[in-house]
Amino acid sequence: MKKTAQTFILRACAAALLATGSIGAVHADVRPDPGDYTGLPAGTNLLLAYAQFPRADKVYSKGNKVVDNLDLAVNAGILRYVHFMKLGDYILDPQIIVPFGNQKIGLSDSKSSGIGDVIFGATLWTIADLARGEHLGWSVFFTAPTGSDKNQGFALSNNRWATDLQVGYIRKLSNKWTVDLIGETEFYQDQRDSKSQKDPLLQAHGHLRYHISDATYLAGTYRHAWGAKEKLDGVDIAGNKNNGTAMLTWASFVDKQWQVQMQYTQDVKVEEGPKISGLQARVLYVY
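Residues numbered from 1 in each chain as written. Predicted model: local features only at pLDDT ≥ 70, side-chain atom pairs only at ≥ 80, totals over all residues. Heavy atoms only, no water.

1. Here we look at the packing of aromatic side chains
Here is step 1: For the coordinates displayed, the defined rule picks out five aromatic pairs.
Here is step 2: Taken together, a centroid distance of 5.6 Å and an interplanar angle of 25° make the contact between tyrosine 285 and tyrosine 287 stacked.
Here is step 3: Chaining the aromatic ring pairs together yields one cluster made of Trp258, Tyr285 and Tyr287.
Here is step 4: Here lysine 198 stacks its cationic end above the ring of tyrosine 188, 4.4 Å away from the centre of that ring.
Here is step 5: Seen from the ring of tyrosine 217, arginine 209 lies directly overhead, with NZ or CZ sitting 5.6 Å from the centre. (Phe/Tyr/Trp six-rings, centres within 6.5 Å; stacked < 30°, edge-to-face > 60°. Lys NZ or Arg CZ within 6 Å of the ring centre and 35° of its normal.)

Okay, here's the thing in structure tokens:
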């Protein structure tokens, strides 16, 4: 049991690392970027490609550092398609997200690569006012355990179904400032290989954007996560999270259809799991 639990903890650390990415999250945790809760006109389509490079060495359990040399590195890509349409008086955006990539855990000398768990879902906007800069969206995303190397603990596959519920509100404060506030909760099926059980996760996200021009903005973000305690055969393998993350974002439309975005993410408080830092690049094409 002890060896099984230790092995699973390493796998859990690898999977948890991907949860710090923005959309990034490549299982149920579809983390919203600044501006993601903007309701666009029906008929708009988005194609997005992400490149994520998170890293982690230190791992914490119940606030105590338990690993100092995890040497976990993930190189991940994400492809995402979004379509905006009308549903009665509301805007709806069905979408699909497909992650892929590779990971290396130096501590256990393990490597793996492949396709991640596919995510699908949509946001329904009850407020989508581009003129006033006010938006209110309600989202549900489902993660299917379709990824490669599920039984090897590949970070892009959690090998369990998961459901992510979100609500996001955007308000333009002035010509230069916009605030985004998002709350979410995630629910997890038992892990299909080990049968580990995971409690729901609660998260809060806040973005403050400064608009340098109509095409370009800078944003500061703070995210906090609570819960997600996990057990295997009645033994805790991960405690409750009480983790905080800061992020800086630069984004700019280089023309009317192409946007480039760069981000740096750093965990600033970790009670449970790996302490992560990382870079992300995103290219968006709108048509």
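2. Comments concerning the nonpolar core
In globular proteins that are soluble, nonpolar side chains generally tend to be buried together.
Here is step 1: The biggest cluster of nonpolar side chains holds 16 residues, and the ones touching the most others in it are Tyr37, Leu46, Leu48, Val82, Phe84, Trp125 and Leu284.
Here is step 2: Only strand 1 (45-61), strand 3 (72-83), strand 8 (119-129) and strand 19 (273-286) provide two or more residues apiece to this core.
Here is step 3: Looking at which element gives the most residues to this core, the answer is strand 1, with three residues.
Here is step 4: Residues in contact with leucine 48, not counting those within four places in the same chain, are Ile78, Leu79, Arg80, Val82, Arg282, Val283 and Leu284.
Here is step 5: In this structure, Val67, Leu70, Leu72 and Ala76 belong to the second largest nonpolar core, which totals eight residues. (Core = buried A, V, L, I, M, F, W, Y, C linked by side-chain atoms within 4.5 Å. Buried < 20%, exposed > 50% of the residue type's maximum accessible area, 1.4 Å probe, protein only. Helix = DSSP H or I, 4+ residues; strand = E, 2+ residues; numbered from the N terminus. Contact = heavy atoms within 4.5 Å.)

3. Some thoughts on the sheet that holds strand 16 (residues 235-238)
Here is step 1: Judged by pairing direction, the sheet is antiparallel, and its three strands sit side by side in the order 12-15-16 without closing on themselves. Of all strands in the sheet, those with a lone pairing partner are strand 12 (197-198) and strand 16, marking the two edges.
Here is step 2: For strand 12 and strand 15 (residues 230-232), the ladder comprises two bridges, and the chain directions are antiparallel. Residue glutamine 197 lies in a different strand from strand 15, and its bridge partner there is lysine 231. (Pairing = 2+ DSSP bridges.)

4. Quick notes on the pattern of salt bridges
Here is step 1: Throughout the structure, instances matching the rule amount to 13 salt bridges.
Here is step 2: Note that aspartate 36 is salt-bridged to arginine 80, the shortest N-O span being 3.9 Å. In this pair, aspartate 36 sits in the loop between helix 1 (2-18) and strand 1 while arginine 80 sits in strand 3, placing the two residues 44 residues apart along the sequence.
Here is step 3: The shortest N-O distance in the salt bridge between arginine 132 and glutamate 134 comes to 2.9 Å.
Here is step 4: Through salt bridges with shared partners, a single ionic network connects Asp33, Asp36, Arg80 and Arg282. (Salt bridge = Lys/Arg side-chain N within 4 Å of Asp/Glu carboxyl O.)

5. Re the pairing of strand 7 (residues 110-115)
Each regular strand carries side chains that alternate between the two faces of the sheet.
Here is step 1: One ladder, built from six bridges, connects strand 6 (residues 95-105) with strand 7; its direction is antiparallel. Pairing of lysine 104 across the sheet is with lysine 111, part of strand 7.

6. Regarding the environment of isoleucine 237
Here is step 1: Checked against the element boundaries, isoleucine 237 lands in strand 16.
Here is step 2: Its relative accessible area of 8% is what places isoleucine 237 among the buried residues.
Here is step 3: Separated by 41 residues in the primary sequence, isoleucine 237 and serine 196 place their C-alpha atoms 8.8 Å from one another.

7. Quick word on the pairing of strand 3
Here is step 1: When strand 1 meets strand 3, the two strands line up antiparallel, connected through ten bridges. In the strand pairing of strand 3, leucine 48 is matched with arginine 80.
Here is step 2: Pairing between strand 3 and strand 6: eleven bridges, direction antiparallel. Paired with leucine 79 across the two strands is valine 98, which belongs to strand 6.

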